[in-house]
Amino acid sequence: MVKGKKWILEKHFQGMPKRSDMKIVEFDLPTVPDGSFLVEAIYLSVDPYMRPYSARLPEGITMIGTQVAKVIETKNADFPVGTLVVCQGGWTTHSLCDKTNSGKIPPYPEGVPLSLALGTLGMPGMTAYYGLLEICAPKPGEVVVVSGAAGAVGSVVGQIAKIKGCKVIGFAGSDEKVAWLKELGFDEAFNYKTIKNLDATLKSVAPDGINCYFDNVGGEFACTVVANMAKHGRISCCGAISQYNDTAPPKLPSLFGTLVSNEIKMEGFIIFTHLQRWPEWTKQHIQWIKEFADQNKKLHVN
């Protein structure tokens with residue numbers, strides 16, 4: 001008999017996550033009730049938000065997360081066997097789902113991997129779209145800075161900003177990531193771990209100030225970027241990953257004087273609040289992927 005496996009949050013994370021915080025257990029596959037369907041995972045997501053979100057949940061739960069999965073048993077005519085879905089199953093090989101926590105994956109352009117349903121065509125891509133275009137609203141020629149730029153969200157933010165005609169500056173945590181950002185089309189990219197002076201670096205590449213900042217890291221890094229914002233700058237607060245493993249509150253300089261004097265807009269958001277716009281954003285991202293593929297074919301031919 002087939003058994004499922006799931007990752008249990010054995011203990012809440014304290015400081016850096018440890019192997020002992022998680023445990024893999026086997027379970028019997030559940031009976032499928034009317035209106036539901038059983039899926040088998042193909043890809044599981046590992047996202048930064050899981051770190052702070054899991055702290056609010058009880059120990060012993062299946063680790064939270066999204067997955068790409070295939071329907072293997074069903075009692076729902078709208079989700080026949082073989083249907084590919086994105087669902088909130090968490091870190092488990094098999095999940096019992098229904099239409100309230102699952103959605104069908106639309107047809108992708110040829111050659112686009114299914115895993116993008118958890119990346120550019122999934123939550124990270126939609127996060128990038130909303131945070132950049134709806135909050136920062138960049139204009140052609142403006143300067144956009146992205147922290148955590150090589151991540152699933154930040155890398156998409158930078159590419160959308162280039163599509164919108166902006167100068168894009170990205171920060172990542174290794175030289176390999178910096179090289180990749182250059183391949184994606186970032187105008188400037190830096191390893192934040194090796195630059196000697198972040199303030200001086202920002203002033204050298206954005207002497208007239210930063211118009212838009214997409215913040216994934218928070219902390220001291222974000223404070224320095226805010227201090228280099230241009231008048232009427234806009235900040236999209238997506239995450240604070242530099243602080244997720246801290247065990248004591250950080251001591252940071254106050255940003256409020258800068259926000260007031262430069263009339264800066266600063267807004268945080270949670271993408272799950274905007275699920276109703278998911279189909280619209282997915283359609284736009286697929287269109288951009290098609291345009292990029294067509295452009296590459298032309299470049300290859302020429």
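Residues numbered from 1 in each chain as written. Predicted model: local features only at pLDDT ≥ 70, side-chain atom pairs only at ≥ 80, totals over all residues. Heavy atoms only, no water.

Points about unusual backbone geometry
Phi angles above zero are rare outside glycine, and Ala 137 is one such case at about 45 degrees. Mapped onto the fold, Ala 137 is located in the loop between helix H2 (123–136) and strand S8 (143–146). Since its relative accessible area comes to 37%, Ala 137 is described here as partly exposed. The phi dihedral of Glu 263 falls on the positive side, at around 50 degrees, and the residue is not glycine. Its location among the elements puts Glu 263 in the loop between helix H7 (256–261) and strand S13 (265–268). Look at Glu 263 and you get partly exposed, because its relative accessible area is 46%. (Helix = DSSP H or I, 4+ residues; strand = E, 2+ residues; numbered from the N terminus. Buried < 20%, exposed > 50% of the residue type's maximum accessible area, 1.4 Å probe, protein only.)

So, the sheet that holds strand S11 (residues 210–215)
Reading across from one edge, S10-S9-S8-S11-S12-S13 is the order of the six strands in this open sheet, with parallel pairing throughout. The open sheet has two edge strands with one neighbour each: strand S10 (188–191) and S13. Between one strand and the next, the sheet's axes are offset by a mean angle of 15 degrees, whatever the strand orientation. Pairing analysis gives four bridges linking strand S9 (residues 167–172) to S10, with the strands arranged parallel. Across the sheet, the residue bridging to Ile 169 is Glu 188, located in S10. Against the sheet, helix H3 (residues 154–163) touches S8, S9 and S11, its axis set at about 170 degrees to S8. Each of S9 and S10 is contacted by helix H4 (residues 175–184), which is oriented at about 170 degrees to S10, the strand it contacts most. (Pairing = 2+ DSSP bridges. Axes fitted to C-alpha atoms, helices over the stretch in contact; angles between N-to-C directions. Contact = heavy atoms within 4.5 Å.)

Examining the side chain of Asn 216
The residue Asn 216 is located in the loop between S11 and helix H6 (219–226) in this model. On the accessibility criterion, Asn 216 (8% relative accessible area) is buried. Excluding anything up to four places from it in sequence, Asn 216 contacts Val 146, Ser 147, Gly 148, Val 153, Gly 154, Cys 238, Gly 239, Ala 240 and Ile 241.

Quick notes on the UniProt feature "domain: Oxidoreductase N-terminal" (unreviewed entry) in the protein
With numbering matched to this structure, UniProt assigns "domain: Oxidoreductase N-terminal" (unreviewed entry) to residues 5–103. Taken end to end, residues 5–103 has its terminal C-alpha atoms 23 Å apart, with 5% of it in helix and 38% in strand. (UniProt positions renumbered as here; feature names shortened; annotations may be inferred.)

Quick word on the layout of surface pockets
In this structure, the largest pocket encloses a volume near 1200 Å³. Together, 47 residues line the largest pocket, and Pro 48, Asn 216, Val 217, Gly 239 and Ile 241 are the ones closest to its centre. Of all the secondary-structure elements, those providing two or more residues to the lining of the largest pocket are helix H1 (50–54), H2, S9, helix H5 (198–205) and H6. For the lining of the largest pocket, the class distribution of residues is 29 nonpolar, twelve polar and six charged. For the second largest pocket, the calculated volume is near 940 Å³. Surrounding the second largest pocket, 29 residues form its lining, Thr 120, Gln 159, Trp 288, Ile 289 and Phe 292 being those nearest its centre. (1 Å grid on protein atoms, 1.4 Å probe; cavity = no way out; pocket = protein on both sides within 12 Å on 5 of 7 lines; lining within 4 Å. Points joined across faces, edges and corners; volume = space filled by probe spheres on them. Nonpolar A, V, L, I, M, F, W, Y, C, P; charged D, E, K, R; others polar.)

Here's the deal with the state of the cysteines
Counting across every chain of the model gives zero disulfides. The thiol of Cys 87 is not disulfide-bonded; the next cysteine sulfur, from Cys 97, is found 3.7 Å away. (Disulfide = S-S within 2.5 Å.)

Description of the UniProt feature "domain: Alcohol dehydrogenase-like C-terminal" (unreviewed entry) in the protein
Sequence positions flagged by UniProt for "domain: Alcohol dehydrogenase-like C-terminal" (unreviewed entry) are, in local numbering, residues 152–280. The straight-line gap between the two end C-alpha atoms of residues 152–280 is 20 Å; of that span, 35% is helix and 22% is strand.

Here's the deal with the packing of H5 against H6
Look at H5 against H6: their axes get within 10 Å of each other, and the N-to-C directions meet at 40 degrees. The orientation of H5 relative to H6 falls into the category oblique. Along this stretch, H5 crosses H6, giving a crossing that reads as right-handed. Two secondary-structure elements touch here, H5 through Leu 198, Asp 199 and Leu 202 and H6 through Phe 221, Thr 224 and Val 225. (Parallel < 35°, antiparallel > 145°, perpendicular 65-115°, else oblique. Left-handed = near helix turned anticlockwise from the far one by under 90°.)

Section: the pattern of salt bridges
The tally for this structure, following the rule as stated, stands at ten salt bridges. A salt bridge links Lys 231 to Glu 263; the nearest nitrogen and oxygen atoms lie 3.5 Å apart. Pair noted here: Lys 231 is in strand S12 (residues 229–237) and Glu 263 is in the loop between H7 and S13, with a separation of 32 residues, a long-range link. Here Glu 267 ties to Lys 265 by a salt bridge, and the two come within 3.8 Å at their closest N and O atoms. Take Lys 265: its relative accessible area is 34%, and that puts it in the partly exposed class. One network of salt bridges, in which partners are shared, links Glu 134, Arg 277 and Glu 280. (Salt bridge = Lys/Arg side-chain N within 4 Å of Asp/Glu carboxyl O.)

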